[in-house]
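Structural features, examined
These are the residues of each chain, in order.
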Amino acid sequence: MARAQNGDAASYACLLNEMLPLLRTTVRRRWRSENEVEDIVQEILLSLHRFRHTYDPTRAFLPWMMTIVSRRIADMARKNARKSTHEIGVDVIPETLGHQEANLGQDTSDDQAVLHYALDRLPRGQRRAVEMIKIEGLSFREASMRSQKSETALRVAVHRAIKALRTILKKAT
């Protein structure tokens, strides 16, 4: 890696080829879904490339690399958790009728109405932070880039919004 940092492309290619089997084995041991292993490995390789300048040649390479591996696996876990919170399992799929007017009430529920009511009562900045992070499933980094607000400001806004939502929802029920 030290040679790669100095511009030696052959050393860099050799390093990546030698690391690949270790990365795949490590991810397979720590990740349950074989379908996502290669995606995680690719994210690790991108991170190694993107952050190779942060490697300190006076220190061991493997712990530095394994830190990146752990973080990319954690990122995938968070991504999957965000996805699963937006998915709802249904035992019986409700029947719909041929006329669209007959199905109008099916798309909304009392819970959604109460939640929309509560969200509408939040200050604009808090509401937007919740929409980006909790509803759209963006990471704080992505939301920060989109909103031009710092990740810390977004974290504070989401925290305060959730606290306010709890209060609003208690009053509404």
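Describing the overall build of the protein chain
Of regular secondary structure, the protein chain possesses 8 helices and 0 strands. Of the regular secondary structure in the protein chain, the N- to C-terminal order runs α-α-α-α-α-α-α-α. Nonlocal contacts in the protein chain, meaning residues at least 24 apart in sequence, comprise 58% of its contacts between residues at least 6 apart. On the protein chain, roughly 12500 Å² of surface is accessible, and the fraction owed to carbon and sulfur atoms is 53%.

A short note on the packing of helix α2 (residues 9–30) against helix α3 (residues 34–50)
Their axes nearest at 10 Å, the elements α2 and α3 cross at an angle of 140°. Note on packing geometry: the crossing formed by α2 with α3 is right-handed. Across from Y12, L16, M19, L20, L23, R24, V27 and R28 in α2, the residues of α3 making contact are E34, V37, E38, I40, V41, I44, L45, L48 and H49. The residue inventory of the contact of α2 with α3, partitioned by class, reads 12 nonpolar, 1 polar and 4 charged.

Some words on the packing of aromatic side chains
Summed over the entire model, instances satisfying the criterion amount to 3 aromatic pairs. Looking at R52, its charged tip hangs above the ring of Y12, at a distance of 5.5 Å from the centre. Over the face of the ring belonging to F140 we find R155, whose NZ or CZ atom lies 4.1 Å from the ring centre.

Description of the pattern of salt bridges
Applying the stated criterion to the full structure yields 9 salt bridges. Across the pair E34 and R28 runs a salt bridge, and its minimum N-O distance is 3.0 Å. Accessibility expressed as a relative area gives 40% for R28, which makes it partly exposed. Among the ionic contacts, a cluster of salt bridges with common partners joins R128, E131, E136 and R146.

Quick notes on the confidence of the model for the protein chain
Low pLDDT means the predicted coordinates in that region are not meant to be read closely. A residue-level look at the protein chain finds 83% of positions with pLDDT of 70 or above and a mean pLDDT of 84. Element-level pLDDT for the protein chain is lowest in helix α5 (residues 110–120), with a mean of 79, against a maximum mean of 93 in α2.

Points about α3
An ideal rise of 1.5 Å per residue puts 24 Å on 17 residues; α3 measures up with 25 Å between its terminal C-alpha atoms. Taken as a whole, α3 has its buried residues at E36, V37, I40, V41, I44, L45, S47 and L48.

Here we look at the nonpolar core
A general tendency of soluble globular proteins is for nonpolar side chains to be buried together. Counting 23 residues, the largest nonpolar core has L23 and L48 as the members making the most contacts within it. Of all the elements in the fold, those that place two or more residues in this core are α2, α3 and α4 (61–85). Setting aside its immediate chain neighbours within four residues, L23 contacts V41, I44, L45, L48, M65 and V69. Ranked by size, the runner-up nonpolar core spans 9 residues in total, among them A129, I133, L138 and A143.

A look at the environment of R146
Residue position: R146 is located in helix α7 (residues 140–147). In this structure R146 comes out as partly exposed when scored by relative accessible area, which is 46%. For the pair R146 and M132, spaced 14 residues apart in the sequence, the C-alpha separation amounts to 9.1 Å. Aside from chain neighbours lying at most four places away, what touches R146 is R128, M132, E136 and L138.

Some points on the side chain of S144
As for its placement among the helices and strands, S144 is situated in helix α7. A relative accessible area of 15% places S144 in the buried class.

Rules of the game
Residues numbered from 1 in each chain as written. Predicted model: local features only at pLDDT ≥ 70, side-chain atom pairs only at ≥ 80, totals over all residues. Heavy atoms only, no water. Helix = DSSP H or I, 4+ residues; strand = E, 2+ residues; numbered from the N terminus. Contact = heavy atoms within 4.5 Å. Areas by Shrake-Rupley, 256 points an atom, 1.4 Å probe, with all protein chains shown as cover. Axes fitted to C-alpha atoms, helices over the stretch in contact; angles between N-to-C directions. Left-handed = near helix turned anticlockwise from the far one by under 90°. Nonpolar A, V, L, I, M, F, W, Y, C, P; charged D, E, K, R; others polar. Phe/Tyr/Trp six-rings, centres within 6.5 Å; stacked < 30°, edge-to-face > 60°. Lys NZ or Arg CZ within 6 Å of the ring centre and 35° of its normal. Salt bridge = Lys/Arg side-chain N within 4 Å of Asp/Glu carboxyl O. Buried < 20%, exposed > 50% of the residue type's maximum accessible area, 1.4 Å probe, protein only. pLDDT = per-residue confidence, 0-100. Expected span 1.5 Å × (residues − 1). Core = buried A, V, L, I, M, F, W, Y, C linked by side-chain atoms within 4.5 Å.

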